[in-house]
Amino acid sequence: MSVVYDLAAGFAGAMTPWNLLMCFAGVFAGQIVGALPGIGPSSAIALLLPLTFGADPTSAIILFAGIYYGAQYGGTLTSVLISVPGEPSSVMTSIDGYQMALQGRAGAALGIAAIGSFIAGTLSTIGLMLLAPPMAKAALAFGPPEYFALVVLGLTALAAVGGSVLKGLTTGMFGLLISTIGIDQQTGVARFAFDQIWLLDGVGFIVLSVALFGVGEVLSSAGMATPRPITTVKNLLPSRAEWKQSRMPILRGSVIGFFVGVLPATGATIASFLAYIVEKKVAKDPSRFGKGAIEGVAGPESSNNAAAAGAMVPMLALGVPGSGTTAIILGALIMFGVRPGPELFEKNATLVWTVIASMYIGNVILLIMNLPLAGLFAQLLRVPYSWLYPPILALCVAGVYSQANSIEDVWMLIGFGALGWAMMRYDWPAAPMILGLVLGTIFENALRQSMTLSHGSAAIFFTRPISAVLLACAAAAVLAPFIYKLATSRRTA
């Protein structure tokens, strides 16, 4: 019954006028950034970080979470109307969704996506509510070796989400190196400051995240062209036959998405792929897929929304993000002085349960917003993206400068922004670098404390069961893609 009382207290906090406004603003902004290809939830949250510095942590996390799961549906608009996924998790939706639009059924595709997203988002939030607290309680036995192994798992799991594990690990290690710049917290000695006073505070999380996900994203997508959109959206409510075809795909997608999202090395993209494959396998006529099958929209759309809530489970309970966006949210929590992980549900229970309650409210807002306003959101696709880039860059510079009134931070923003453009140009993931910076202090302190406890022996990480299991999972996250490629090459040989 404690869960019920905690959730009731969470609703009491989430229903305050300011938090309701933050929830609405989050899902609305998520809709917009999801609908604009190249501007994803990671970029949006990174841009808003400077504006929320010093604000109430609960309201800020409600805003960021709303952007995260709101963007999942926003990506559906571009997938269905112009066959350009606004989010990687909407790739599978574009296959049948765009074909339905060409057949004049864009309204039905968007309508079933909205309904499926609402059902999946609600069910997965229930799963988050039930699964995260016991996971956090089990993790209260963690000591320095376990925290060290947990950080290693977080870095390797996030590296495994992208296309190249080696690139992900490299950028994650670079983030750890950046975190060592400045004053050593244990010895008080300046490290890698090169006699520059402004480097004694290190590289700020806001500077790096805004540079990589804001400036870098704008520079990399400035020359991107998009097809002419289909902006005629009618009959958003699916017919009885279409609803009957979509019921089970929505439920299957919700289950698949949530449990895939909970696994740190997966995410919404993999969940949508699995849901599409499952629907095609169980279909009586698989040949319909790719030609406008509504199940090919209902399953993946439900799964990617469920995965967004599923990814919040390890992030809140263990401090291990399963996606680039949850890595940014984790960094925001640490910036606000809130440490995600086993103690979060004990020391910051009000924040956690208010955010969970706001996710229920946000899913209702998304459903109410999308069914009547899908046509209006479709008109956003007519806006030339070149009009958006100058104000975004101005917001990046103003936000970073206002944080500490430091022109040196602006120079770092420009330098890391150029690095972010190069990383996106050559397909190097930015999220592991952000996570390396965020978790660098925890990683270093846990390593030092562990080595002190063991008198310099690394065996402590392998003789303690929990840390050994976590390190084994980290090794599996790194080796699994290579083993899969090797097995595939042998089959084709």
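Scroll up to find the structure.
Summarised in this report is the structure supplied together with it. Just so we're clear, the structure is a prediction, and the values are computed from it rather than from any experiment.

**Quick look at the overall build of the protein**
Working step 1: Assigned secondary structure in the protein consists of 20 helices and two strands.
Working step 2: Counting only residues that meet the buried cut, the protein has 56% of its 493 residues in that class.
Working step 3: Summarising the internal contacts of the protein: among those between residues at least 6 apart in sequence, 79% fall at separations of at least 24.
Working step 4: For the protein, the accessible area works out to roughly 20600 Å², and carbon and sulfur atoms hold 68% of it.

**Considering the environment of F194**
Working step 1: Inspection of the secondary structure assignment puts F194 in the loop between β2 (190–191) and α9 (205–221).
Working step 2: For F194, a relative accessible area of 65% gives the class exposed.
Working step 3: Linking F194 and G182, residues twelve residues apart in sequence, is a C-alpha distance of 9.7 Å.

**Quick look at unusual backbone geometry**
Working step 1: In the Ramachandran plot, D427 falls in the positive-phi region, its phi being about 60° despite a non-glycine side chain.
Working step 2: Mapped onto the secondary structure, D427 falls in the loop between α17 (407–425) and α18 (431–453).
Working step 3: Overall, the relative accessible area of 58% leaves D427 in the exposed class.
Working step 4: At H455, a residue that is not glycine, the phi angle is positive and equals roughly 60°.
Working step 5: Of the residues examined, H455 reaches a relative accessible area of 77% and is grouped as exposed.

**Let's talk about the packing of helix α10 (residues 240–262) against helix α12 (residues 295–317)**
Working step 1: Across the interface, α10 lies against α12 with an axial gap of 6 Å and an inter-helix angle of 30°. By the angle between their directions, the pair α10 and α12 is classed as roughly parallel. Crossing geometry of α10 relative to α12 is assigned as right-handed. Taking contact as the criterion, the partners of Q245, S246, P249, I250, G253, S254, G257, F258, G261 and V262 in α10 are, on α12, E295, A298, G299, S302, S303, A306, A307, G310, A311, V313 and P314.
Working step 2: Among the residues forming the contact of α10 with α12, the class breakdown is ten nonpolar, ten polar and one charged.

Rules behind the numbers
Residues numbered from 1 in each chain as written. Predicted model: local features only at pLDDT ≥ 70, side-chain atom pairs only at ≥ 80, totals over all residues. Heavy atoms only, no water. Helix = DSSP H or I, 4+ residues; strand = E, 2+ residues; numbered from the N terminus. Buried < 20%, exposed > 50% of the residue type's maximum accessible area, 1.4 Å probe, protein only. Contact = heavy atoms within 4.5 Å. Areas by Shrake-Rupley, 256 points an atom, 1.4 Å probe, with all protein chains shown as cover. Axes fitted to C-alpha atoms, helices over the stretch in contact; angles between N-to-C directions. Parallel < 35°, antiparallel > 145°, perpendicular 65-115°, else oblique. Left-handed = near helix turned anticlockwise from the far one by under 90°. Nonpolar A, V, L, I, M, F, W, Y, C, P; charged D, E, K, R; others polar.

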